[in-house]
Amino acid sequence: MSTDTDESESLSDEEQAEIIQEVERRRTLQGVAVILVAFVGIAFSAFQLWLAARSYNIAVTLPIVGEYQLTSLQQLQVNAIHVTFALVLAFLLFPTTRGDGFLSRRLARLEPATRARFGTDAAPTRLVERLGDGVRWAVVDTDMNRITPVDCCLAVLSVLPALYILTEFEEIQTIAFQRFGPTRPVQGVYPILEPVASAIAMVGIPIDEVSYAFLLGVLGLLLVLEATRRTLGLILMSLVGFFIVYAKWGHFVPRDSVIGALSVQPETWTEIVYNLWYTVEAGVFSTPVTVSVRFIYIFILFGAFLEMSGAGKWFIDLAYSLTGTRKGGPAKASTVSSGFMGMLSGSSIANTVTTGAFTIPLMKRSGYTPSFSGAVESAASSGGQMLPPVMGAAAFLIVEFTGTPYPDVIIAATLPAIAFFFGMWVMVHFEAMRAGIGGLPREQLPNLRSHVRSGWFYLVPLALLLYFLIIARLSINRAGWYTIVAVVALIAALTAYDERTRLPLFGGIAALLLAQFGAFAFYGGGVLEALGAVATGQSAGGALSLGTAATAATADLGTITILVSVVVMLARPGIDSPLLELDDSVETTIQRSTQVLDRPSLASKAWYRFGGFVLKSMESGARTATTVVIAVAAAGVIPGVISLSGLGPNLAALISSVSGNSMLLLLVLTGVAAIIFGMGMPTTVMYIILVAMLETPIARGTGIAILAVHLYILYFGLMADVTPPVAVAAFAGAGVAKADEFKTATTAFLLSLNKILVPFAFVFSPGILLLRERTSGWGVIGWSDVVDPGFFLPSVVVPVLGMFLGVYALGVTIIGYQYSQVGPTARGLYSIASILLMVPELLLLVVEALLGLAGIPSFLTIFAITFPLRLVGLGLLVGLSLRNRSGTAGEIDSSIAGAATGDAD
């Protein structure tokens, strides 16, 4: 980053890696292990890029011969390969144990106990010590830096289920109708293993009689559980394991008990394994993994390419150049840049650490306390997952689960996300005013004009993404592919560009683009197709119109740019590349790779740097996606069991009964459940679990728009990242800021309270999501709705203005400062104003419930009542603001202020 930072406060790459390692329990590998992980990760990304470009058809295009079809994969096969890549990476990147767990501590007592019993030199002592050394060598990775033999075995075993699904798909198709009866045992599939199967059978384990497909299904489920434990922790693994066990023995729940609704029909292990492993309708390979294959991975990869290109640093510097000199400028810049990067990465923890390494030291230097600095960074980073157009991985799950078009999802999510970040902006501004924090000197910040001029091209991929998704309305997968090609083409051109190469570079691109246009216009195909037709004497295809030919040629501009740029790089490998500024991790990887190859001169070669960028981006995307893929694979088991067991309707009835058919209580219970399930888990896991259990009772029982239900669950789930006592993102921010963890988490929670009130606001006022109910259902409003004042003013304008004014009032409540300090009584009044402005329905529903207890029917949540309440809230806010501006708001309670803002560190 070009802004000046205090070296004593800045984190090195090693310190960043250490914090991420501690929070995510991920290894830091060296030597051959790094190459192995990189190879698997690059292969994973290459597979996904192929799917994005060519769908599920595996074919090669040969000169003259044309396209030769190799095979066509089924959805189950594609999903199996996808999950297998993630399993292999999970076993390579995450250790079995560090030797400090419950079981490890108990086993560690054996050696001293044996030594005390038999003596140091006794044979039993030596035997136990050798066994202990062997177990530690095979399983334990104390320093988180080596792949153990057990990891290698599990990685190899992970390949077997997918290999069977790929090679024996016809046999799998028979399982759908006859289950595992007609399928072969292990020695039938691999005759070479018959002696082994016979030997095992002789000791009483009839493996020679059990279906190999069934064994692989069991193995696959166990591997997913173990990978879940490693990557996401024991809690999620236990939850998924509980649902599998529940599918088998849930019928023992007494039907006449309080929880009798949870009793299910008895199922056999055959049915359970089939439904959870060999179908795409339920279980591991169901909708969540399909969404990951089609949407999530490609956008994680897009984010990795964009970050590795240096765009992340450029956007952070842009935010600082825009806001750095203002009051509290560093915190405002952190809010903007962290939200943007969190939108792309989808990982609150990683984004908090990597972006926070730049932003948190600057916030501390400007005067913010360490705990407040870490809280701002973690709150903004977690909020990035609700920021369109990418929204981490959540947007794609919403698209699949609701059937809502992607453009409609991001349109609906825009205003609430802006309201959240507006609230963050307001709070950091008030904290700056309260603490007398100014901005940074202009000379320490990038010059805005020169900064934009030096990196405006980083905006091109984002503009193209919006164009492909909203205007061209391409499929999400296709839009992701084209955008990645655009990023690669951009970096290729930047690598090949300098004063001496710019004419041949741009001239070559223009010439080849013109040739492609001519080929489409006269031959109906590209240059290669036209040359092939000429060489073989075949007649040309139908000529395209000039407009169609221009469109087709422009679609190939990215590929043309890459090809011409690579030719220029090879012709002039010593290009200066003055505009190229890759991410530091790419530069580090390039330097280390040249040291391994003992060719340090390669680091200055343009083609080598470009290749390093592409491969590092592919590997980084795979590493990031590993946890997400394992998460969605494991989480898919829960809706799978609910579907298999027929639990869904009973669960919906139980939830409705517990909530007493109260919409408010149901929403509160859902929000609490989302925070609890989201603690320590990726947002995707929480979302899948909550949607499976709560979507039906909320949507059907209350009539709320289905899109509002899903966004409501998402917002509350994101609160888990900053909610004590887990608050993983806040703890990561505390590590970067070197602050007290609990104080940072508490402050981050308070700064994120908008994630609680804003979803209540759009649930009761769907106009905030720009939705309107019609006879055909809920849909995004159009121009005809905008020009309908009877709808647009009361249903959209009033709730939106109320939301933003309420967010402002909430900011005053949390920070305890506006124009001057705010006392405790005034803060309470500001909070009431916030609720009345944002969501007056909360108070009205409580009144309705009380009237209902008295037997008085009522329906108070109508515009004729909510609008006057909003006016009351507005009057209260204006009155309090005028009084505060005059300096007569009273003295602030210092203890409350310290708790709210983390003032004392």
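**What to know about the pairing of strand S3 (residues 771-774)**
Line of reasoning, step 1. In terms of strand pairing, S3 meets strand S4 (residues 777-780) through four bridges, oriented antiparallel. Within S4, the position partnered with Arg 774 by the bridge is Gly 777.
Line of reasoning, step 2. What sits between the antiparallel neighbours S3 and S4 is a turn of two residues.

**As for the side chain of Thr 114**
Line of reasoning, step 1. Note on placement: Thr 114 falls in helix H5 (residues 110-118).
Line of reasoning, step 2. Once residues lying within four places of it in the same chain are set aside, the contact partners of Thr 114 are Gly 119, Pro 124, Thr 125 and Val 128.

**A word on the pattern of salt bridges**
Line of reasoning, step 1. Scanning all chains against the criterion turns up 24 salt bridges.
Line of reasoning, step 2. A salt bridge links Arg 136 to Glu 111; the nearest nitrogen and oxygen atoms lie 2.9 Å apart. Taken together, the residues Arg 136 in helix H6 (residues 123-139) and Glu 111 in helix H5 connect sequence positions 25 residues apart.
Line of reasoning, step 3. Residue Arg 609 is joined to Glu 587 by a salt bridge in which the shortest nitrogen-to-oxygen separation is 2.4 Å. Highlighted residues: Arg 609 in helix H29 (residues 606-635) and Glu 587 in helix H28 (residues 584-597), separated in sequence by 22 residues.
Line of reasoning, step 4. Sharing partners across several salt bridges, the network here consists of Arg 27, Asp 141, Asp 151, Glu 226, Arg 229 and Arg 230.

**Some remarks on the packing of helix H40 (residues 824-838) against helix H42 (residues 863-885)**
Line of reasoning, step 1. Their axes nearest at 8 Å, the elements H40 and H42 cross at an angle of 145°. When the axes of H40 and H42 are compared, the crossing they make is left-handed. Together, Ala 826, Leu 829, Tyr 830, Ile 832, Ala 833, Leu 836, Leu 837 and Met 838 of H40 and Leu 869, Arg 870, Val 872, Gly 873, Leu 874, Leu 876, Leu 877, Leu 880, Ser 881 and Asn 884 of H42 make up the contact between the two elements.

**Notes on a nonpolar patch on the surface**
Line of reasoning, step 1. There is a patch of nonpolar side chains on the surface, built from Val 658, Leu 665, Val 668, Leu 669, Val 672 and Ile 676 and spanning about 480 Å² of accessible area.
Line of reasoning, step 2. Top element by residues in the nonpolar patch is helix H32 (residues 663-678). It accounts for five residues.
Line of reasoning, step 3. When its relative accessible area of 35% is taken as the criterion, Val 668 is described as partly exposed.

**Observations concerning the packing of aromatic side chains**
Line of reasoning, step 1. A complete count under the given rule lists 32 aromatic pairs for this structure.
Line of reasoning, step 2. Aromatic pair Trp 314 and Tyr 458: ring centres 5.8 Å apart, planes at 45°, arrangement tilted. You can see Trp 314 sitting in helix H15 (residues 311-323) and its partner Tyr 458 sitting in the loop between helix H21 (448-455) and helix H22 (459-471), a full 144 residues away along the chain.
Line of reasoning, step 3. Each member of the aromatic cluster is reached from another via a ring pair, and the members are Trp 314, Phe 315, Trp 456, Phe 457 and Tyr 458.
Line of reasoning, step 4. Lying across the ring of Phe 791, Arg 772 places its NZ or CZ 4.0 Å from the centre.
Line of reasoning, step 5. Over the ring of Tyr 819 we find Arg 885, and its NZ or CZ is 4.9 Å from the ring centre.

**Some words on helix H30 (residues 637-645)**
Helical geometry: 3.6 residues make up each α-helical turn, so side chains three or four residues apart lie on a common side.
Line of reasoning, step 1. Counting buried positions over the nine residues of H30 gives seven, a clear majority of the element.
Line of reasoning, step 2. Those residues of H30 that sit buried are Val 637, Ile 638, Gly 640, Val 641, Ile 642, Leu 644 and Ser 645.
Line of reasoning, step 3. Looking one or two residues past H30, Gly 646 carries a phi angle of roughly 75°, positive in sign.

**A look at the side chain of Ser 645**
Line of reasoning, step 1. Position of Ser 645 among the secondary structure elements: in helix H30.
Line of reasoning, step 2. Within the local environment of Ser 645, its side chain forms a polar contact with the backbone oxygen of Val 641, the two atoms lying 2.6 Å apart.
Line of reasoning, step 3. Excluding residues that lie within four positions of it along the chain, Ser 645 makes contacts with Val 264 and Gln 265.

**As for the environment of Tyr 297**
Line of reasoning, step 1. Relative to the helices and strands, Tyr 297 is located in helix H14 (residues 287-308).
Line of reasoning, step 2. For the pair Tyr 297 and Ala 737, spaced 440 residues apart in the sequence, the C-alpha separation amounts to 31 Å.
Line of reasoning, step 3. For Tyr 297, the residues in contact, after removing those within four places along its chain, are Gly 41, Phe 44, Ser 45, Gln 48, His 82, Ser 292, Met 618, Gly 621, Ala 622 and Ala 625.

**Let's talk about the nonpolar core**
Line of reasoning, step 1. By size, the foremost hydrophobic cluster in this structure holds 261 residues, and its most contacted members are Tyr 278, Phe 613, Phe 760 and Phe 762.
Line of reasoning, step 2. The dominant element in this core, judged by the number of residues it contributes, is H29, at 16 residues.
Line of reasoning, step 3. When residues no more than four places from it in sequence are discounted, the contact partners of Phe 762 are Pro 416, Ala 708, Leu 711, Tyr 712, Tyr 715, Ile 768 and Leu 769.
Line of reasoning, step 4. In terms of nonpolar packing, the next biggest core, distinct from the first, is built from seven residues, Ile 316, Ala 333, Leu 362 and Leu 440 among them.

**So, unusual backbone geometry**
Line of reasoning, step 1. In this structure, the amide linkage connecting Pro 724 to the following residue, Pro 725, adopts the cis form with an omega of 10°.
Line of reasoning, step 2. Here Pro 725 is to be found in the loop between helix H34 (706-719) and helix H35 (728-737).
Line of reasoning, step 3. Phi is positive for Arg 179, close to 55°, though the residue is something other than glycine.
Line of reasoning, step 4. Exposure remark for Arg 179: the relative accessible area of 18% places this residue in the buried category.
Line of reasoning, step 5. Unusually for a residue other than glycine, Asp 598 sits at a positive phi of about 60°.
Line of reasoning, step 6. For Asp 598, the location among the structural elements is in the loop between H28 and H29.

Thresholds applied
- Residues numbered from 1 in each chain as written.
- Predicted model: local features only at pLDDT ≥ 70, side-chain atom pairs only at ≥ 80, totals over all residues.
- Heavy atoms only, no water.
- Pairing = 2+ DSSP bridges.
- Helix = DSSP H or I, 4+ residues; strand = E, 2+ residues; numbered from the N terminus.
- Contact = heavy atoms within 4.5 Å.
- Salt bridge = Lys/Arg side-chain N within 4 Å of Asp/Glu carboxyl O.
- Axes fitted to C-alpha atoms, helices over the stretch in contact; angles between N-to-C directions.
- Left-handed = near helix turned anticlockwise from the far one by under 90°.
- Patch = residues over 30% accessible without salt bridge, like charges linked within 9 Å, V, L, I, M, F, W, Y side chains within 5 Å.
- Areas by Shrake-Rupley, 256 points an atom, 1.4 Å probe, with all protein chains shown as cover.
- Buried < 20%, exposed > 50% of the residue type's maximum accessible area, 1.4 Å probe, protein only.
- Phe/Tyr/Trp six-rings, centres within 6.5 Å; stacked < 30°, edge-to-face > 60°.
- Lys NZ or Arg CZ within 6 Å of the ring centre and 35° of its normal.
- Polar contact = N/O pair within 3.5 Å; in protein donor to acceptor, adjacent residues only side chain to side chain.
- Core = buried A, V, L, I, M, F, W, Y, C linked by side-chain atoms within 4.5 Å.

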